[in-house]
Amino acid sequence: MELTNLAAVKTGLVLSRKEAKTTDKSWEYRQLNLKAVNEDGTINIDETIPFYASEELSPNYLTQVGDIVVKTSEPYTAAYITEEYAGLVIPSHFVVVRVDITKALPQYIAWYLNKDRIKKAFRMSCTGMLKQIKPTMVGETEIKLPTLERQRQVVELYNISRQEIVLLERQIRQKEAYYKALINKVNRM
């Protein structure tokens, strides 16, 4: 089933159309950017940047809980928007996917769009130097959609695996610090 049968797929805001000339009498927002979306589909809020709009922006151009934002350039990472990341300006170098939750789980669709096979298909369909995908390309993505219960199971398993990886990475950093301190201590003797 094509993604457009499950979700609204649109491009983000062309920033120059709404950018304020000065910061006085402007609306201040935080802006999502390519650096803020990590390859694992997580968002680093510290990488977002200020955006000053000449007018109040439509909610269509701001991230909402349940949205999926997809980078239009490689590696075409999809990120699921949680409450923590709601209200960010979505620039035009992202595609916004707003899933009909009666048909699919947004977290499942984000996981699906991050599959290597999907990213490879995006890469193969791009031409030119920039290798950018268009919203129509994302919308035409064929999604193999299991039952909602199976989608929940996949999302739950994925979340558990991500949590474990985060814990293991933290443990690696702690071990590195421990051994570095131990070596320094032995070297002083």
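The preceding data block contains the structure.
Conventions and cut-offs
Residues numbered from 1 in each chain as written. Predicted model: local features only at pLDDT ≥ 70, side-chain atom pairs only at ≥ 80, totals over all residues. Heavy atoms only, no water. Helix = DSSP H or I, 4+ residues; strand = E, 2+ residues; numbered from the N terminus. Buried < 20%, exposed > 50% of the residue type's maximum accessible area, 1.4 Å probe, protein only. Salt bridge = Lys/Arg side-chain N within 4 Å of Asp/Glu carboxyl O. Contact = heavy atoms within 4.5 Å.

1. Focus on the overall build of the protein
Argument step 1. On a plain count of helices and strands, the protein comes out with four helices and six strands.
Argument step 2. For the protein, the α and β elements follow one another from N to C terminus as β-β-β-β-β-β-α-α-α-α.
Argument step 3. With the principal axes as the frame, the protein shows a C-alpha extent of 65 × 50 × 35 Å.
Argument step 4. Residues counted as buried form 36% of the 189 residues belonging to the protein.

2. With respect to the pattern of salt bridges
Argument step 1. If you walk through the whole model with that rule in mind, you get six salt bridges.
Argument step 2. The shortest N-O distance in the salt bridge between Asp-40 and Arg-162 comes to 2.7 Å. With a gap of 122 residues between them, Asp-40 in the loop between β2 (27-31) and β3 (49-53) and Arg-162 in helix α4 (residues 148-188) connect regions that are remote in the sequence.
Argument step 3. Two residues, Asp-67 and Arg-98, come together in a salt bridge whose shortest N-O distance is 2.7 Å. Residue Asp-67 is found in strand β4 (residues 67-71), and its partner Arg-98 is found in strand β6 (residues 94-99); the two are separated by 31 residues along the sequence.
Argument step 4. A residue is classified by how much of its surface remains accessible, and Asp-67, at 2% relative accessible area, is buried.

3. A closer look at helix α1 (residues 106-113)
Argument step 1. Counting buried positions over the eight residues of α1 gives six, a clear majority of the element.
Argument step 2. All buried positions along α1 are accounted for by Pro-106, Tyr-108, Ile-109, Ala-110, Tyr-112 and Leu-113.
Argument step 3. Buried residues belonging to α1 abut β4, β5 (78-80), β6, α2 (116-125) and α4.

4. Some remarks on the environment of Thr-141
Argument step 1. Relative to the assigned elements, Thr-141 resides in the loop between α3 (135-139) and α4.
Argument step 2. When its relative accessible area of 6% is taken as the criterion, Thr-141 is described as buried.
Argument step 3. As a C-alpha pair, Thr-141 and Gln-151 span ten residues in sequence and 17 Å in three-dimensional space.
Argument step 4. Once residues within four sequence positions are removed from consideration, Thr-141 is found in contact with Met-1, Glu-2, Leu-3, Leu-113, Ile-118 and Phe-122.

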